[in-house]
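Observations on the model geometry
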Amino acid sequence: MSDANARLAALRAKRSAAPTGTARSSGTAVADADPTAVDRAAAVPAASDPTKVWHKTACVLCSNNCGIEVRLDGRRITRVRGDKDHPASKGYTCEKALRIDYYQNGRDRLTAPLRRKDDGTFEEISWDEAIAEVAERLTAIRDSVGGDKILYYGGGGQGNHFPGAYARSVLQTLGVKYRSNALAQEKTGMFWVQGRLFGRQNIGAIGDFEHTDCAVFVGKNPWQSHGFPESRNELNKIRNDDTRKLVVMDPRVSETAAMADHHLRVRPGTDAWALAALLAIMVEEGLTDDAFLSERCTGWIELRALIAGVDIAGCARTCGIDETELRAAARAMGTARSLSTEEDLGIEMAPHSTLNSWLQRLLYLVTGNFAKPGGMNLPLRLAPVCGHSGEGETDPVTGNAMLAGLVACAAIPDCIDTDHPNRFRGMIVESANPLHTLPDSKRFREAFAKLECLVVIDVAMTETARAADYVLPACSQYEKPEATFFAGEMPANYFQVRHPILAPLGDSLPEPEIHQRLLAAMGGRPAATDNLVAAAQRGREQFIEALGEAFASDSEVGAKLPAVLYESLGSTLGAMAPASIMFGAAMQASMRYPDEVRAAGIEGDGLELAGNLFDKLVSSPSGMIYSVSEYEQTWDRIAHADGKIHLFIEELADEFRSLSDAAEGVRSVADEELAATAQRDRFPFVLSAGERRSSNANDVIRDPQWRKKDKAGSLRISPHDATALGVVDGDRIRIVSKRGQAEAPAEVTDTVMVGHVTLPHGFGTEYPDESGEHRIHGVAVNELTDINDRDPLALTPHHKHVRVALEPVVG
């Protein structure tokens, strides 16, 4: 062990007992067969009956991260309820949170580091071996061809964002320049539009759905996907209030669409035409807020002329929505006292993805619903959820644009599987499963096979972990302090630092510890760290003074601040050591918006304010309100030098004008004509690959038994199409695309249109049954998607518009 690792080991010994691991005969280290076995003593509050204690934490199955309370029996989560003390969810939770034990106690949990052998199987190795070998392999790439040939992918999911921050120190030591994650296949087009409108790609407006008079959802079903606090409660409030309106644009009759005052049932892939028609109606009928647009925005003259050229009747025919209904919906939006909107993957992963994101935002901007109660506002965040890319930033191989600081996911295989001198030779994948979740899994498997070194840090043995050279086991999200930075509310914003409720399983470690050990093994530990550790032991004031001096004298302290905080300040926090990174966030908040922090009840100035905010963050297991501001302060957060919204986006204008050609890339035939037209089309159906339902969530729950219904992941198909195929409920259907085929049981329902079918995401994972045999459950939708079907600007794949053929499975 190196001197640095020896110091780290001594430091960590103060916090926990040495772990032990358990392995199965398959050679893969997984969770102990007895799920109630405790590998390390958990810090559980004393009680006469520990199974009656409620532990505060959060759900990790969507970006809302609702506060919950759980009861434990050994390592089992036996009861779940909403946490009434959570400042945003206030006791609310949906049914999915009740099933989180299937995540915590999955059979494919990792408990020890693994190394791939020559025959492709894995063997357990010690942490010392794993850290030394991974450091050696990655630094060898850095030293031979440069650290910019290593790509970092992931860094956190819908429940854990600390890993991405802690990885920064290792990446800086390696010289890694390029990162990517799931946002780069979903949201970067939207981020780019935000940058054009507001000045930076990481500045985005959020809806005030609690107070709005008109809620608009485009390609989104918040009944299942949520997206704002107490989603279902707020939807019910709007539905039951005759003075408020709900507008939904979706080809499906989703749970939210069924509640809508105006359901704009758009033909799949024609959202841009529907949005263009709505905007044109607003201009034609004088529903725009011209004073707001002239005083607070630039580009309105150019944008108005562009919109005025829209053929409303032609767009209505193309999108399949009666012009009368389009006009009624536009009037509902244009005359509302306030309007909030939200889009989702239904339009972001479909044709005209980036254009859709622009047009959707124009609905609330042309009507002046910005910086006001019930409208769209720019929240204060403790940290941005993405970065910002300047003009001309591209990946090093394909030349495709990097947006929000990320390499486009669809470009990654071509950045690996090539003889280009700048190709990626190594990858670190953390808290992510790109071989399952990114488009065209076949293409990704081909490319990943060309990597010289693939390191995966994760909780479970995922599809990507099975392809790795080294697999490093991380604690679950309930075995370590964690948080996400999604929270963005106005006028008050909140944050929750979750406390660990269970001890780590086996030899798993929190990601900060893994990165700290890698950093030391790579020789990247800042020289000032020891002094800061000693200062932290003397007290907070001494630590803050020493940290200020270290910033001034050692540039590496700032560059590797997460690692420095973890080892120094973390040494005083016991099991909460990974939360030490929040001190950096607290310092930023105290400098950027001290008045808003004080308005939330946090006292002090400068570093005193930062320290008080930090202490409150880490001592509030239900979360806390950390900033309070006025709606009008939204204007202060626009990054353009003139302080205005820049409405007109020249790069999208030509694509907007092209919508006048209704036949471009769409099917404008009537429903009853579709069957006949299909005979001339090799792939006559449009598949939405990745529908969110009550029976699926994100991929962190891999055990199929968590689903109470739809366990096989049905293909939803219209009665018309089912009759034409000769299938009924439960019959198996073969789905064939350009890239592959799969089978799924039919679910015949009029919630989908003729010619439109849907499959849920989160299926198709390989999971061991009780005997240890691995099986694939349901359809992995990315075996059907094509990496080349994508947005031309952001490279967002068209998961919601996959052309397929269907045939009944006989026998």
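Here, the structure is the one placed above.
Residues numbered from 1 in each chain as written. Predicted model: local features only at pLDDT ≥ 70, side-chain atom pairs only at ≥ 80, totals over all residues. Heavy atoms only, no water.

Here the focus is helix α4 (residues 162-174). The end-to-end C-alpha distance of α4, which contains 13 residues, comes to 19 Å, matching closely the 18 Å that a straight helix rising 1.5 Å per residue would cover. A maximum bend of about 35 degrees is found in α4 at Arg 168. Most of α4 is tucked away, with ten of its 13 residues classed as buried. Looking at α4, one finds that the buried residues are Phe 162, Pro 163, Gly 164, Tyr 166, Ala 167, Ser 169, Val 170, Leu 171, Thr 173 and Leu 174. (Helix = DSSP H or I, 4+ residues; strand = E, 2+ residues; numbered from the N terminus. Expected span 1.5 Å × (residues − 1). Bend = angle between axes of the 7 residues up to and from the residue. Buried < 20%, exposed > 50% of the residue type's maximum accessible area, 1.4 Å probe, protein only.)

With that settled, consider the packing of helix α8 (residues 271-284) against helix α14 (residues 353-366). For any two helices packed against each other, the geometry is given by the interaxial angle and the distance between the axes. Axis separation between α8 and α14 bottoms out at 9 Å; the angle between their running directions is 25 degrees. Taken together, the axes of α8 and α14 are roughly parallel relative to one another. Between α8 and α14 lies a crossing whose hand is left-handed. Mapping the contact onto sequence places Asp 271, Ala 272, Leu 275, Ala 276, Leu 278, Leu 279 and Met 282 in α8 and Leu 355, Asn 356, Leu 359, Gln 360, Leu 362, Leu 363 and Val 366 in α14. Taken together, the residues of the contact of α8 with α14 break down into eleven nonpolar, two polar and one charged. (Axes fitted to C-alpha atoms, helices over the stretch in contact; angles between N-to-C directions. Parallel < 35°, antiparallel > 145°, perpendicular 65-115°, else oblique. Left-handed = near helix turned anticlockwise from the far one by under 90°. Contact = heavy atoms within 4.5 Å. Nonpolar A, V, L, I, M, F, W, Y, C, P; charged D, E, K, R; others polar.)

Among the nonpolar cores identified, the biggest contains 69 residues, and Phe 198, Met 333, Trp 358, Phe 370 and Ile 645 are the most heavily contacted of them. Ranked by the residues each element gives to this core, the list is headed by α8, at twelve residues. Look past the residues within four positions of Met 333 in its chain and what remains in contact with it is Cys 214, Val 216, Val 247, Leu 278, Met 282, Leu 339, Leu 363 and Thr 367. By size, the runner-up hydrophobic cluster in this structure holds 45 residues, among which are Leu 532, Val 557, Leu 565 and Val 618. (Core = buried A, V, L, I, M, F, W, Y, C linked by side-chain atoms within 4.5 Å.)

Right, let's talk about the side chain of Glu 342 for a bit. With respect to the helices and strands, the residue Glu 342 is situated in strand β13 (residues 339-343). On the accessibility criterion, Glu 342 (17% relative accessible area) is buried. At 3.3 Å, the side chain of Glu 342 and the side chain of Lys 220 are in polar contact. Excluding its chain neighbours within four sequence positions, the residues that come into contact with Glu 342 are Phe 209, Val 216, Phe 217, Val 218, Lys 220, His 226, Gly 227, Phe 228 and Gln 360. (Polar contact = N/O pair within 3.5 Å; in protein donor to acceptor, adjacent residues only side chain to side chain.)

Another point: a negative patch on the surface. Together, Glu 541, Glu 545, Glu 549, Glu 603 and Glu 608 make up a negatively charged patch on the protein surface. Note that Glu 603 resides in the loop between α24 (594-599) and α25 (606-618). Look at Glu 603 and you get exposed, because its relative accessible area is 63%. (Patch = residues over 30% accessible without salt bridge, like charges linked within 9 Å, V, L, I, M, F, W, Y side chains within 5 Å. Areas by Shrake-Rupley, 256 points an atom, 1.4 Å probe, with all protein chains shown as cover. Salt bridge = Lys/Arg side-chain N within 4 Å of Asp/Glu carboxyl O. Lys, Arg positive; Asp, Glu negative; His and termini not counted. Charge placed at Lys NZ, Arg CZ, Asp CG, Glu CD.)

With that settled, consider the packing of helix α10 (residues 300-308) against α14. Across the interface, α10 lies against α14 with an axial gap of 13 Å and an inter-helix angle of 115 degrees. The pairing of α10 with α14 is recorded here as roughly perpendicular in orientation. Our pair here, α10 against α14, has a crossing hand that is left-handed. In this structure, α10 uses Trp 300, Leu 303 and Leu 306 to contact α14, whose residues at the interface are Trp 358, Leu 362 and Val 366. A per-class count over the contact of α10 with α14 returns six nonpolar, no polar and no charged.

Before going further, it helps to examine the pairing of strand β10 (residues 245-249). For β10, a buried count of four out of five residues is recorded, marking the element as mostly surrounded by other parts of the structure. Pairing between strand β9 (residues 214-218) and β10: five bridges, direction parallel. Residue pairing across strands places Ala 215 opposite Leu 246, the latter belonging to β10. (Pairing = 2+ DSSP bridges.)

What follows deals with unusual backbone geometry. Of all residues except glycine, most have a negative phi; of all peptide bonds, most are trans. Residue Met 490 is joined to Pro 491 through a cis peptide bond whose omega torsion reads 0 degrees. Mapped onto the elements, Pro 491 comes out in the loop between β17 (470-473) and β18 (492-495). Unusually for a residue other than glycine, Glu 230 sits at a positive phi of about 50 degrees. Examined against the element boundaries, Glu 230 turns out to sit in the loop between α6 (222-225) and α7 (231-239). In this structure, His 352 is a non-glycine residue whose phi angle is positive, near 65 degrees. Turning to its location among the elements, His 352 is positioned in the loop between α13 (345-348) and α14. According to the relative accessible area criterion, His 352 is buried, its value standing at 13%.

For β9, the tally of buried residues reaches five of five residues, placing the bulk of the element in the interior. Burial along β9 is two-sided: Cys 214, Val 216 and Val 218 facing one way and Ala 215 and Phe 217 facing the other are all buried. Strand direction decides the pairing type here: β9 and β13, joined by five bridges, are parallel. What sits directly across from Val 218, in β13, is Glu 343.

Here we come to the sheet that holds β10. With parallel pairing, the four strands of this open sheet are ordered in space as β11-β10-β9-β13. The open sheet has two edge strands, β11 (262-264) and β13, and neither has a second partner. Adjacent strand axes in the sheet meet at a mean angle of 10 degrees, parallel and antiparallel pairs treated alike.

On to helix α12 (residues 323-335). Taking 1.5 Å of rise per residue, the 13 residues of α12 would be expected to cover 18 Å, and the 18 Å separating its terminal C-alpha atoms lies within 8% of that figure. Among the residues of α12, those classed as buried are Leu 326, Arg 327, Ala 329, Ala 330, Ala 332 and Met 333. N-capping of α12 is provided by Asp 322, with a side-chain oxygen placed 2.8 Å from the backbone N of Thr 324.

Attention shifts here to the packing of aromatic side chains. Applying the stated rule across the entire model yields 14 aromatic pairs. Ring centres of Tyr 166 and Tyr 566 lie 5.7 Å apart, and the angle between their planes is 75 degrees; on these two criteria the pair is classed as edge-to-face. On the criterion of sequence distance, the pair formed by Tyr 166 in helix α4 and Tyr 566 in helix α22 (residues 561-567) is long-range, its members being 400 residues apart. You can call Tyr 166 buried: its relative accessible area is 2%. Considering the side-chain rings of Phe 209 and Phe 217, the 5.0 Å spacing of their centres and the 25 degrees angle between planes classify their relative orientation as stacked. Pair check on accessibility: Phe 209 and Phe 217 agree, each one buried. Three or more aromatic residues link up through ring pairs in this structure, and these residues are Phe 198, Phe 292, Phe 370 and Trp 635. Here the basic side chain of Arg 296 rests over the ring of Trp 635, its NZ or CZ set 4.2 Å away from the ring centre. (Phe/Tyr/Trp six-rings, centres within 6.5 Å; stacked < 30°, edge-to-face > 60°. Lys NZ or Arg CZ within 6 Å of the ring centre and 35° of its normal.)

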